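So the chains spell out like this:
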2 protein chains.
Amino acid sequence: MSSSKLLKGSLATIVLKLLEENEKMYGYEITQRVKEITAGEFKITEGALYPTLHKLEAEGMLSTETQKVDNRIRKYYSLTKEGNAEAQSKVAELEEFLLNLQKLLNPKLGMG
Amino acid sequence: MSSSKLLKGSLATIVLKLLEENEKMYGYEITQRVKEITAGEFKITEGALYPTLHKLEAEGMLSTETQKVDNRIRKYYSLTKEGNAEAQSKVAELEEFLLNLQKLLNPKLGMG
DNA sequence: TCTTATGCATAAGAAAATTATGTATACTTG
DNA sequence: CAAGTATACATAATTTTCTTATGCATAAGA
């Protein structure tokens, strides 16, 4: 998902988090928003994003609604009630993970 | 690498970081150290760790030395000069990644 | 007209885990 | 003393999750 080929496994969480803040977003918009927030350092590829969106939808986390804008179709995704709960738990899980990762990367913090 | 099946791609960096601090460590010791630092939340599996160590060694990042302790063999790994440089760059890269991830998870920080 | 941007989608391949298995010694506990 | 847990390495099969490549389609800009 990133140009630097770093961590895997965080894409679904990122998507859920963005939708938690935005009510509805479409795929391309998500790629641009991530790019914008990370100053171009994360580039979400369509090959990763669309299957992730489809999977989350299949799991009942997202609902969709298509709109035609400027003769082009946009497929908007929104969190379902279940998706909202999932977003919160996934974000919490990821934050927990990041804390542990930081303990490993910055051992001095664990000593104070 | 973790019991919570979270992020992938950080194991090699974690290994390099630990070896940066410890001169030499053997595989089992690494699994225990990680478990200890993260209060049991990260459980590195052998199926992930050993191939990673072998790969880093093949790439010239690690050198090895075996020791027999208590009739059991330990294979100690140390950073080579190249491995030391790699450790620093990989850690920097991961920290950069974590910063961007935090911008996504905590959008308010990006505004102040 | 050709490239870039917008917008969706899927398939092939690669990377990096998990899970399962195998070997071997040492310690602990009932 | 038998069985389970801990120590210690290793590899193979499978799964997950990406990247890369490809395809279709419209719009804008050079």
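What counts as what
Residues numbered from 1 in each chain as written. Chains lettered and ligands numbered in written order. Predicted model: local features only at pLDDT ≥ 70, side-chain atom pairs only at ≥ 80, totals over all residues. Heavy atoms only, no water. Axes fitted to C-alpha atoms, helices over the stretch in contact; angles between N-to-C directions. Helix = DSSP H or I, 4+ residues; strand = E, 2+ residues; numbered from the N terminus. Contact = heavy atoms within 4.5 Å. Nonpolar A, V, L, I, M, F, W, Y, C, P; charged D, E, K, R; others polar. Pairing = 2+ DSSP bridges. Buried area = accessible area lost by both parts, 1.4 Å probe. Least-squares fit on C-alpha atoms with pLDDT ≥ 70 in both. Buried < 20%, exposed > 50% of the residue type's maximum accessible area, 1.4 Å probe, protein only. Core = buried A, V, L, I, M, F, W, Y, C linked by side-chain atoms within 4.5 Å.

An unreviewed UniProt entry lists chain A under the name PadR family transcriptional regulator, with Roseivirga seohaensis as the source organism.

Where helix α1 (residues 11–22) of chain A contacts helix α4 (residues 81–105) of chain B, the two axes come as close as 9 Å, and the packing angle between them is 30°. Counting all contacts with α1(A), which are made through Ile14(A), Lys17(A) and Glu21(A), the residues of α4(B) involved are Leu101(B), Leu104(B) and Leu105(B). Partitioned by chemical class, the residues of the contact of α1(A) with α4(B) number four nonpolar, no polar and two charged.

In this section: the pairing of strand β3 (residues 72–79) of chain A. Residues and elements named next belong to chain A. Pairing geometry for strand β1 (residues 25–26) and β3, over two bridges, is antiparallel. Pairing of Met25 across the sheet is with Tyr77, part of β3. Note that strand β2 (residues 62–69) and β3 share eight bridges and pair antiparallel. Paired with Thr66 across the strands is Lys75, a residue of β3.

With 29 residues of chain B at the interface, the matching set in chain A holds 29 residues. Buried surface at the junction of chain B and chain A, summed over both partners, amounts to about 3200 Å²; 73% is from carbon and sulfur atoms. Those elements giving two or more residues to the side of chain B that touches chain A turn out to be α1 (11–22), α2 (27–37) and α4 of chain B. Per-element tally for the side of chain B that touches chain A: the top contributor is α4(B), with 13 residues. When the residues that make up the side of chain B that touches chain A are grouped by side-chain class, the tally is 14 nonpolar, seven polar and eight charged.

Right, let's get into the relation of the copies chain B and chain A. If you rotate chain B by 180° and push it 0.0 Å along the axis, it lands on chain A with an RMSD of 0.0 Å. As the rotation angle and translation indicate, the two copies are arranged about a two-fold axis. Residue Lys8(B) of chain B places its C-alpha closer to the rotation axis than any other residue of that unit, at 2.4 Å. When the interface residues of chain B are mapped onto chain A, 100% of them are again interface residues, pointing to one common binding face.

The next point concerns helix α2 (residues 27–37) of chain A. An α-helix turns once every 3.6 residues. As a result, residues three or four positions apart point the same way. Within α2(A), burial applies to Gly27(A), Glu29(A), Ile30(A), Thr31(A) and Val34(A). Elements in contact with the buried residues of α2(A): α1, β1, α3 (46–58) and β3 of chain A together with α4 of chain B. Positioned one or two residues after α2(A), Ala39(A) has a phi angle of 55°, which is positive.

Now for the nonpolar core. Generally speaking, a soluble globular protein has its nonpolar side chains buried in company with each other. Counting residues in hydrophobic clusters, the biggest one holds 55 residues, and the most contacted among them are Leu62(A) and Leu62(B). With sequence-adjacent residues up to four places away left out, Leu62(B) is seen in contact with Leu16(B), Leu19(B), Leu53(B), Leu56(B), Glu57(B), Tyr77(B), Ser78(B), Leu79(B) and Thr80(B).

This brings us to the sheet that holds strand β2 (residues 62–69) of chain B. Ordered in space as β1-β3-β2 (chain B), the three strands form an open sheet in which the pairing is antiparallel. Edge positions in the open sheet fall to β1 (25–26) and β2 of chain B, since each of these has one partner strand only.

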